[in-house]
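# Observations on the three-dimensional arrangement
What follows is each chain in one-letter form.
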Amino acid sequence: MREKIVLAYSGGLDTSIIIPWLKENYSCDIIAMVGDVGQGDDIDAVVEKAHKTGASKVVVKDLREEFLTEYVYPAIQTGAVYEHKYLLGTSLARPVIAKAQVEVAIAESATAVAHGCTGKGNDQVRFEHAYQALAPELKIIAPWREWTLKSREDCLDYAEAHGISVAQSREKIHSRDRNLLHVSHEGGELEDPNNAPLDTTWTWTKSPQEAPDRVEQVDIAFESGTPVAINGMKLEPLALIELLNDIGARNAIGRIDLVENRFVGIKSRGCYETPGGTLLLAAHRELEALCLDRDLLHYKQQIALKWAEIVYFGLWFTPLREALDAFIANTQSNVTGSVKLALYKGNVAIVSRTSPTSLYRPDIASFTMGAGYDQKDAEGFIRILGLPARSRALIHAEVSK
């Protein structure tokens, strides 16, 4: 029986040429695993292309709801943002795809898994760390670390020589990754951080100039930190994120341009569009401001930074991430309510927020004295708080005599 390799297959430039390359260099059957995380491709066309280029079998896995509920929603609840801007769209999708790929490899009795990630990027870590955590017995094949191809232009030459049609060209050389949460753009003019993105670089969101000349309001409701309704309509996760993506995209929400620090030590530049995720994050943060007490909210911000780094670095399947998830889940029990946002040409403003578990007390917060807060208590509190400062000042005064 011939050995089998399961390839994480998208039908893009890299994986399109990897199937024939694997057949040329490994005496194995190639099983293409297509993970649907909402990339918007014609799945039937992707399957047909995989067969035409030499796959002996194609397995399609619908991962959209799992991606949202088990990966995206925890990221929103955590408040995870990498290096101030990046909402981790690609970083969150890779582990769910790798997990499905391993499941296919086990079901098909394969001996190896393969991916199309380059040797310079983060994705190779994300895929391969997942493989090792879930099925360490599987051999890992990373063609970009084996073949003699050095550039995307080389890949285009290989595709042309083998009669493989690809969407990329020497004029349209961007590397893009899309899923339900975002679309990323790298390469081309973006390789020089001094270049502004071209108008054609963006593919999802309207520019501020094209967005409507009016404010659009959207109300997002949460139950225990999980988004459940838009403008009063209860929605399942897939319908909810698709509606928010539509609303955000037409109002130019969610564009960022980022020079980031890759895990491998390289600085890279990418542009990202995250319309619905940007709205979810903004609304969730405002609701937490009502529902979490000060010490918990401030400590959770530190956890968010670490969680974002763990996920960006590709360390999803680790005890630390799992332990932090347990902490985050505990913080969300009272994060219930709704937040209304106003959207205008790329800007997000908070209109209102309400929660049955709000810790905000108007009677205490108002300028009117009384109502459970005695201002006289502040004197002793401030005196105790200032004791170290007074002591230090007295010591300095004595020393300077």
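Everything that follows concerns the structure shown earlier in this document.
Residues numbered from 1 in each chain as written. Predicted model: local features only at pLDDT ≥ 70, side-chain atom pairs only at ≥ 80, totals over all residues. Heavy atoms only, no water.

## Re the overall build of the protein
Put simply, the rule reads: Each helix is a run of H or I in the DSSP string that is no shorter than four residues. Each strand is a run of E no shorter than two, and both are numbered from the N terminus. We call a residue buried when its accessible area falls under 20% of the maximum for its residue type, exposed when it is over 50%, and partly exposed in between, using a 1.4 Å probe and counting protein chains only. Note on definitions: a residue-residue contact is assigned when non-hydrogen atoms from the two residues lie within 4.5 Å. Only the protein chains shown count as cover for residues, and the accessible areas themselves come from Shrake-Rupley with a 1.4 Å probe. Charged residues are defined here as Lys and Arg on the positive side and Asp and Glu on the negative side; His and the ends of the chain fall outside this count. Positions of charges follow a simple convention, taking NZ of Lys, CZ of Arg, CG of Asp or CD of Glu.
The helix and strand tally for the protein stands at 13 helices and 14 strands. On the principal axes, the C-alpha backbone points of the protein span a range of 85 × 55 × 45 Å. Going through the 401 residues of the protein one by one, you find that 50% of them count as buried. Within the protein, contacts between residues at least 6 apart in sequence are counted, and of these 72% link residues at least 24 apart. Within the structure as shown, the protein displays about 19800 Å² of accessible surface, and the carbon and sulfur contribution to it stands at 53%. Both charge centroids of the protein, one from 43 positive and one from 54 negative side chains, sit 4 Å from each other.

## Looking at unusual backbone geometry
Despite not being glycine, His84 shows a phi value in the positive range, around 75°. Here His84 is to be found in the loop between α3 (64-78) and α4 (89-107). Unlike most non-glycine residues, Ser224 shows phi in positive territory, near 50°. Relative to the elements of secondary structure, Ser224 occurs in the loop between β8 (216-223) and β9 (226-230). A residue is classified by how much of its surface remains accessible, and Ser224, at 36% relative accessible area, is partly exposed.

## Concerning the environment of Asp41
For Asp41, the location among the structural elements is in the loop between β2 (28-36) and α2 (43-52). A C-alpha to C-alpha distance of 9.3 Å links Asp41 and Arg178, two positions 137 residues apart in sequence. Beyond its immediate sequence surroundings of up to four residues, Asp41 is in contact with Ser10 and Val46.

## Comments concerning empty space enclosed by the protein
Using the following cut-off: Both cavities and pockets are sets of points on a 1 Å grid over the protein atoms alone; in a cavity a 1.4 Å probe fits but cannot get out, in a pocket the set is open with protein on both sides within 12 Å along at least five of seven lines, and lining residues sit with an atom within 4 Å of a point. Grid points are joined across faces, edges and corners, and a volume is the space filled by probe spheres set on the points.
Tallied over the entire structure, the rule returns 1 cavity of 30 Å³ or more. The space that makes up the largest cavity amounts to roughly 40 Å³. Every residue lining the largest cavity is listed: Val72, Ala75, Ile76, Ala80, Leu87, Leu92, Leu181 and Leu281. Of the residues forming the lining of the largest cavity, the biggest block, 3 residues, is contributed by α3.

## Remarks on the pairing of strand β12 (residues 267-273)
For the record, the criterion: Two strands pair under a simple rule: DSSP has to find at least two bridges between them.
Burial runs high along β12: 6 of the 7 residues are buried. Of the strand pairs in this sheet, strand β7 (residues 183-186) and β12 are connected by 3 bridges, and their pairing is antiparallel. Within the sheet, the bridge partner assigned to His185 lies in β12 and is Cys271. Judged from the 7 bridges that link them, strand β11 (residues 255-261) and β12 form a sheet pairing that is antiparallel. Paired with Asp257 across the strands is Cys271, a residue of β12. Taken together, β11 and the strand that follows it, β12, pair antiparallel across an intervening segment of 5 residues, in which Gly265 is found at a positive phi of about 100°.

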